[in-house]
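# Structural overview
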Amino acid sequence: MAEAADFQGTSPSPARRWLRRTTALLAGAPLVAGLVQLPAAGPAHADGQSAAKADADSGSVAVAVDSLTPSAPTDGDTVTVSGTVTNNGKQTVTDAHVGLRVGPEVNTRSSVDAIAKDSDDLQGSIAPEIDDKYTEKFSKLTPGVAEHFNISVPVDDLDLGEDGVYEFAVSLSGETSSQPWNQILGIQRTFLPWQPDEAAPRTRTTALWPLVSTTHMAAETGPNEEQTPVFLNDDLAKEISPGGRLNQMVTLGKDLDITWVVDPDLLASVDAMTGSYRVRDGDKTVVGTHQAVAKQWLAELQDAVADEEVVALPFADPDLASLAHNGTDVTGSLNQLKGATDVINNTVEPILHVKPSTDFAWPVDGAVDRSIVKVATSAGADNVITRSDSLQETSGLPYTPSAARPIGGGTTAVVTDARLSKAFEGDLTTASASTLAVQRFLAQSLALNLQTGKQRSVVVAPQRMLSGSQARAMADALRALQGGTWSESQKLAAAAAAKPDPDATTKVPGASSYPSALRRKELPRSAFVQIARTQDTLDNFQVVLSDPSRVVTPFGRALNREMSASWRGRADEAESFRADVKRYLDGLTGRVRLIDKSETKLSGRSATIPVTVQNNLVQDVGPLVLRLTSTNPTRLEIDGADYEEQPISVSGGHSQSVKFTTSANANGRATVIAQLYTMDGRKYGEPVTFDVKVTEITATVMLVIGGGVLLLVLAGFRMYTQRKRAAARKAEKDEGDGTEEPGDPEDGPENDGPENPEGPDERLQKESEAEESDAYPRADAPEQPSDPTPDTAAESADPSGTGERVDR
């Protein structure tokens with residue numbers, strides 16, 4: 001914010017201001033006259049003052065203001081201050097007392113910052129104590145011992161005068177043995193906002209209340225029908241349990257007039273915990289047991305946001321600046337942002353039962369440049385939440401302008417106030433730190449209101465993940481502000497739609513103005529490259545599944561989480577998460593694969609080669625295309641060409657074989673490649689390469705086979721003629737005497753008596769049977785090279801191994 005914006009405008013109470021100045025002048029005149037008549041201090045006295053100041057500069061006593069109530073008093077109130085004083089020196093402090101001091105009115109917002117920065121400095125100007133009856137005395141303060149104090153004073157006795165912010169200090173004065181005179185040994189400055197009457201006009205203040213967390217869910221889900229979710233750890237259960245950070249956010253927020261800003265991923269994660277879920281524990285997962293806690297937290301949140309304004313960020317709160325600076329040149333990165341936006345309506349409203357606004361983009365810390373604005377609006381947001389230390393005033397306005405700024409292209413920059421938004425950063429675990437933060441916030445708010453008589457809209461956007469102590473401090477400040485007299489609550493949508501100040505800056509800075517500290521924590525380009533590769537694998541995988549939603553939903557959300565702004569400052573964890581998602585997806589796609597084959601031998605001109613596809617998923621896959629390619633088609637052809645393709649579908653948990661017809665043209669070894677493809681022609685999985693050894697049938701072998709066939713034919717003809725001749729002789733004998741004479745010479749060598757016991761018919765029959773046996777082998781005889789069937793046995797259709805079945 002330009003320093004010119006710190007100057008205060010016309011006071012709403014000019015009469016009171018004139019009266020106060022006149023009274024101070026009259027009261028101070030005698031004192032000035034007395035000082036003129038005093039002689040110059042002697043050397044001894046000067047040395048004593050120097051010694052006292054040196055001791056005072058050391059700040060040997062720490063003063064902590066643990067409570068100041070009311071934070072913004074009005075007429076008739078009693079201000080109560082409590083805290084502790086601790087002697088951090090080596091000497092005992094004696095004759096000590098705690099006193100209250102009211103300083104002059106603080107006129108500018110930058111003066112508030114300066115006082116807060118040096119709140120315990122003893123070298124600066126110190127206002128006098130108010131009436132000594134509002135003190136607490138201690139006879140001694142022992143080194144290292146904290147003493148509690150509690151002082152109450154009517155606000156009328158503080159003499160605050162006109163409306164404004166006043167420096168309010170608590171000091172400890174006392175003596176030490178080495179310096180036995182009264183001196184200030186410790187001080188703590190804070191602020192007292194004073195606006196007893198209703199301000200006109202009142203600042204319209206919007207306070208964002210972010211419900212954002214880190215990534216908790218893995219891409220992995222169970223193989224059952226419900227797809228049991230798996231959590232990376234049990235940290236989310238701790239956050240939503242009583243006393244946890246997110247539990248406190250809901251408990252505190254339900255009583256405030258705020259705008260809830262939610263990450264749909266957080267809601268989806270807690271909603272998943274209400275049912276069965278598992279939590280990683282080393283290399284295994286265990287059953288989750290915090291269903292009751294999740295249900296209770298969601299019920300309380302639903303009650304808190306009922307009839308309230310809810311703004312939903314894109315799923316998993318993507319890092320817009322990282323995407324703008326490192327991811328826009330990576331194909332598909334902007335589609336990830338669009339997908340994270342599209343899923344909002346299917347997540348927030350079903351869980352919270354309120355319709356959220358999706359019209360706001362919120363870069364980290366509100367830091368913007370032109371590229372960030374372009375990316376932020378690419379998914380449909382018309383409003384970009386930025387911060388005044390990023391979109392800085394350059395027109396020299398003497399006041400803080402309203403939040404809404406038109407920045408071109410129909411886009412509105414909602415400029416949050418940097419001082420108010422950063423008021424609750426840092427360690428606020430101690431009561432003193434929390435109290436100082438609250439009083440500083442209120443002081444800045446009132447100082448802003450007093451700058452001008454114009455009514456303005458102001459937006460407060462704290463850090464995304466408030467700790468429990470930070471949330472409590474902000475809640476205390478908002479309660480005081482919303483119960484005060486100079487501010488009124490306003491919704492974020494109304495602030496964005498408010499009439500902009502015509503003199504406010506609307507120029508978005510260039511990339512060089514983006515803070516280097518934030519740039520160092522961005523997601524690198526390599527992260528977006530890895531996200532794109534994982535998305536490509538997912539796209540290739542889902543088209544082969546019978547139920548792709550079981551994969552697209554969990555992995556799509558996991559890819560959104562890989563872009564989350566919550567990974568800032570956690571580069572190693574972010575890289576591990578991305579690698580885990582990719583590894584798990586590769587494992588699933590690898591469960592649909594080709595079975596490896598060893599060398600195959602072919603000993604004929606044609607044969608069939610089976611190739612087996614295994615599906616170790618529970619759901620069916622297909623249709624896929626299986627292509628078998630010969631790398632040497634002059635030796636081995638697949639279906640008469642270089643390759644052949646066949647469609648294939650495989651049931652879950654099964655294997656399926658496809659047979660390809662091959663023909664050999666020459667002897668030798670040919671390499672064959674089997675590869676799966678999706679229906680749109682993209683390769684799926686790894687190929688399987690194997691060799692086919694081809695043995696061509698030679699001419700000599702064909703001659704041998706032909707000769708054998710001829711011999712069979714001749715043997716058959718001889719048997720036929722011999723049987724015909726024997727039948728003729730028998731017929732002639734029967735026509736003679738009806739008996740057959742032994743040793744008939746016509747019988748020839750077939751009637752040789754004992755030397756040839758077998759007759760011609762018997763011998764011919766045996767010869768014929770022997771020849772037939774040689775020509776036609778038995779069914780169980782070894783396979784011959786001339787067989788028309790291939791010598792390669794069909795592969796088993798069963799899976800080669802059980803493996804882990806994951807239902808996707």
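Residues numbered from 1 in each chain as written. Predicted model: local features only at pLDDT ≥ 70, side-chain atom pairs only at ≥ 80, totals over all residues. Heavy atoms only, no water.

Next up on the list: the overall build of the chain. Helix and strand counts for the chain stand at 21 helices and 29 strands. The 808 residues of the chain split such that 48% are buried. Within the chain, residue pairs in contact and separated by at least 24 positions form 78% of the contacts whose partners lie at least 6 positions apart. By element, 52% of the accessible surface of the chain is carried by carbon and sulfur atoms, the whole surface being about 37,900 Å². (Helix = DSSP H or I, 4+ residues; strand = E, 2+ residues; numbered from the N terminus. Buried < 20%, exposed > 50% of the residue type's maximum accessible area, 1.4 Å probe, protein only. Contact = heavy atoms within 4.5 Å. Areas by Shrake-Rupley, 256 points an atom, 1.4 Å probe, with all protein chains shown as cover.)

Another aspect to go through is the side chain of Ser 82. Secondary-structure assignment places Ser 82 in strand β2 (residues 78-87). Apart from the residues within four sequence positions on either side, Ser 82 is in contact with Ala 64, Val 65, Asp 66, Ser 67, His 148, Phe 149 and Asn 150.

Turning our eyes to something else, we now look at the packing of helix α8 (residues 320-327) against helix α11 (residues 370-378). Close contact between α8 and α11 brings their axes to 8 Å; oriented N to C, the two are set at 110 degrees. Comparing the axis directions of α8 and α11 gives the class roughly perpendicular. In this structure, the crossing between α8 and α11 has a hand that is right-handed. In this structure, α8 uses Leu 320, Ala 321, Leu 323, Ala 324 and His 325 to contact α11, whose residues at the interface are Ser 371, Ile 372, Val 375 and Ala 376. Looking at the contact of α8 with α11 residue by residue, the class counts come to 7 nonpolar, 2 polar and no charged. (Axes fitted to C-alpha atoms, helices over the stretch in contact; angles between N-to-C directions. Parallel < 35°, antiparallel > 145°, perpendicular 65-115°, else oblique. Left-handed = near helix turned anticlockwise from the far one by under 90°. Nonpolar A, V, L, I, M, F, W, Y, C, P; charged D, E, K, R; others polar.)

Two modes of strand pairing occur in sheets, parallel and antiparallel, and in both the strands are linked by backbone hydrogen bonds. Pairing in this open sheet of 3 strands is antiparallel, and the strands run β1-β2-β5 from one edge to the other. Among the strands making up the open sheet, the edge pair consists of β1 (61-69) and β5 (146-154). Within the sheet, the average angular offset between the axes of one strand and its neighbour, ignoring direction, is 20 degrees. Relative to β5, β2 runs antiparallel, the two being bridged by 9 bridges. Residue pairing across strands places Val 81 opposite Ile 151, the latter belonging to β5. (Pairing = 2+ DSSP bridges.)

On to empty space enclosed by the protein, then. Taken as a whole and judged by the stated rule, the model has 4 cavities of 30 Å³ or more. Quantified by volume, the largest cavity comes out at close to 130 Å³. Around the largest cavity, the lining is made up of 17 residues, and of these Pro 314, Thr 341, Phe 360, Ala 361 and Ala 381 lie nearest the centre. Only α9 (333-342) and β15 (360-361) provide two or more residues apiece to the lining of the largest cavity. Split by residue class, the lining of the largest cavity holds 13 nonpolar, 2 polar and 2 charged. Along its surface, the second largest cavity is lined by 13 residues, and Thr 400, Pro 401, Val 415, Thr 416 and Asp 417 are the ones closest to its centre. Broken down by secondary-structure element, the contributors of at least two residues to the lining of the second largest cavity are β18 (412-416) and β19 (457-460). (1 Å grid on protein atoms, 1.4 Å probe; cavity = no way out; pocket = protein on both sides within 12 Å on 5 of 7 lines; lining within 4 Å. Points joined across faces, edges and corners; volume = space filled by probe spheres on them.)

Turning next to the nonpolar core. Core analysis: the biggest nonpolar cluster contains 74 residues, and Phe 541, Phe 555 and Leu 626 have the highest contact counts within it. With near-sequence residues (within four places) excluded, Leu 626 lies in contact with Leu 594, Val 611, Val 613, Glu 644, Glu 645, Gln 646, Ile 648, Val 658, Phe 660, Ala 674, Gln 675 and Leu 676. The next biggest cluster of nonpolar side chains, apart from the first, holds 68 residues, and it includes Tyr 277, Leu 352, Leu 450 and Met 474. (Core = buried A, V, L, I, M, F, W, Y, C linked by side-chain atoms within 4.5 Å.)

The subject of this paragraph is a negative patch on the surface. A contiguous patch of negative charge on the surface is contributed by Asp 75, Asp 131, Asp 132, Asp 156, Asp 157 and Asp 197. Examined against the element boundaries, Asp 132 turns out to sit in the loop between α3 (109-117) and β4 (135-141). A relative accessible area of 57% places Asp 132 in the exposed class. (Patch = residues over 30% accessible without salt bridge, like charges linked within 9 Å, V, L, I, M, F, W, Y side chains within 5 Å. Salt bridge = Lys/Arg side-chain N within 4 Å of Asp/Glu carboxyl O. Lys, Arg positive; Asp, Glu negative; His and termini not counted. Charge placed at Lys NZ, Arg CZ, Asp CG, Glu CD.)

Next up on the list: the confidence of the model for the chain. Low pLDDT means the predicted atomic positions in that stretch should not be read closely. With 82% of its residues at a pLDDT of at least 70, the chain reaches an overall mean of 85. Note that pLDDT drops below 50 for residues 1-57; the model gives that stretch 66 contacts with residues more than four away or on any other chain. The low-confidence segment residues 738-808 (pLDDT under 50) makes 99 contacts with residues lying over four places distant or belonging to another chain. (pLDDT = per-residue confidence, 0-100.)

Moving on, we get to the sheet that holds strand β12 (residues 278-281). Strand order in the open sheet formed by 4 strands is β9-β10-β12-β13, and the pairing between neighbours is mixed. Two strands close off the open sheet at either side, each with one partner strand: β9 (217-221) and β13 (284-287). Each neighbouring strand pair of the sheet contributes to a mean axis angle of 40 degrees, computed without reference to strand direction. In this sheet, strand β10 (residues 229-231) lies alongside β9 in antiparallel orientation, the contact comprising 2 bridges. The residue bridging Thr 221 from the neighbouring strand is Pro 229, located in β10. Each of β9 and β10 is contacted by helix α6 (residues 264-273), which is oriented at about 110 degrees to β10, the strand it contacts most. Where helix α19 (residues 571-589) meets the sheet, its contacts fall on β9 and β12, and the angle it forms with β9 comes to roughly 10 degrees.

In this section: the pairing of β2. Strand residues, when the strand is regular, have side chains that alternate between the two faces of the sheet. For β2, the buried fraction is high: 7 of the 10 residues fall into the buried class. Where β1 lies against β2, 8 bridges are found, and the strand directions are antiparallel. In the strand pairing of β2, Thr 69 is matched with Thr 80.

What follows concerns the side chain of Thr 537. Tracing the backbone shows Thr 537 in helix α17 (residues 525-542). With a relative accessible area of 19%, Thr 537 lands in the buried category.

What follows covers the pairing of β19. Along β19, one buried face is formed by Ser 457 and Val 459 and the opposite face, lined by Val 458 and Val 460, is buried too. Of the pairings in the sheet, the one linking strand β8 (residues 203-211) to β19 comprises 4 bridges and is parallel in character. Its bridge partner being in β19, Thr 206 is matched across the sheet by Val 459.

Between side chains of opposite charge, a pair can form when the charged atoms approach closely. Enumeration over the complete set of coordinates arrives at 31 salt bridges. Residues Arg 440 and Asp 113 are paired through a salt bridge, measuring 3.1 Å at the closest nitrogen-oxygen approach. Highlighted residues: Arg 440 in helix α13 (residues 431-449) and Asp 113 in helix α3, separated in sequence by 327 residues. On the accessibility criterion, Arg 440 (33% relative accessible area) is partly exposed. For Glu 239, the salt bridge is made with Arg 245, and the minimal N-O distance between the two is 2.8 Å. For Glu 239, a relative accessible area of 15% gives the class buried. Classification of Arg 245 as buried rests on a relative accessible area of 14%. Several salt bridges share partner residues, and in doing so they unite Glu 220, Arg 280, Asp 580 and Arg 583 into one network.

Turning to its location among the elements, Glu 599 is positioned in the loop between β21 (592-594) and β22 (600-602). When its relative accessible area of 38% is taken as the criterion, Glu 599 is described as partly exposed. Between the C-alpha atoms of Glu 599 and Arg 669, which are 70 residues apart in sequence, the distance is 9.5 Å. Not counting chain neighbours up to four residues away, the residues in contact with Glu 599 comprise Arg 669, Asp 691 and Lys 693. Within polar-contact distance, the side chain of Glu 599 engages the side chain of Arg 669 at 2.7 Å. (Polar contact = N/O pair within 3.5 Å; in protein donor to acceptor, adjacent residues only side chain to side chain.)

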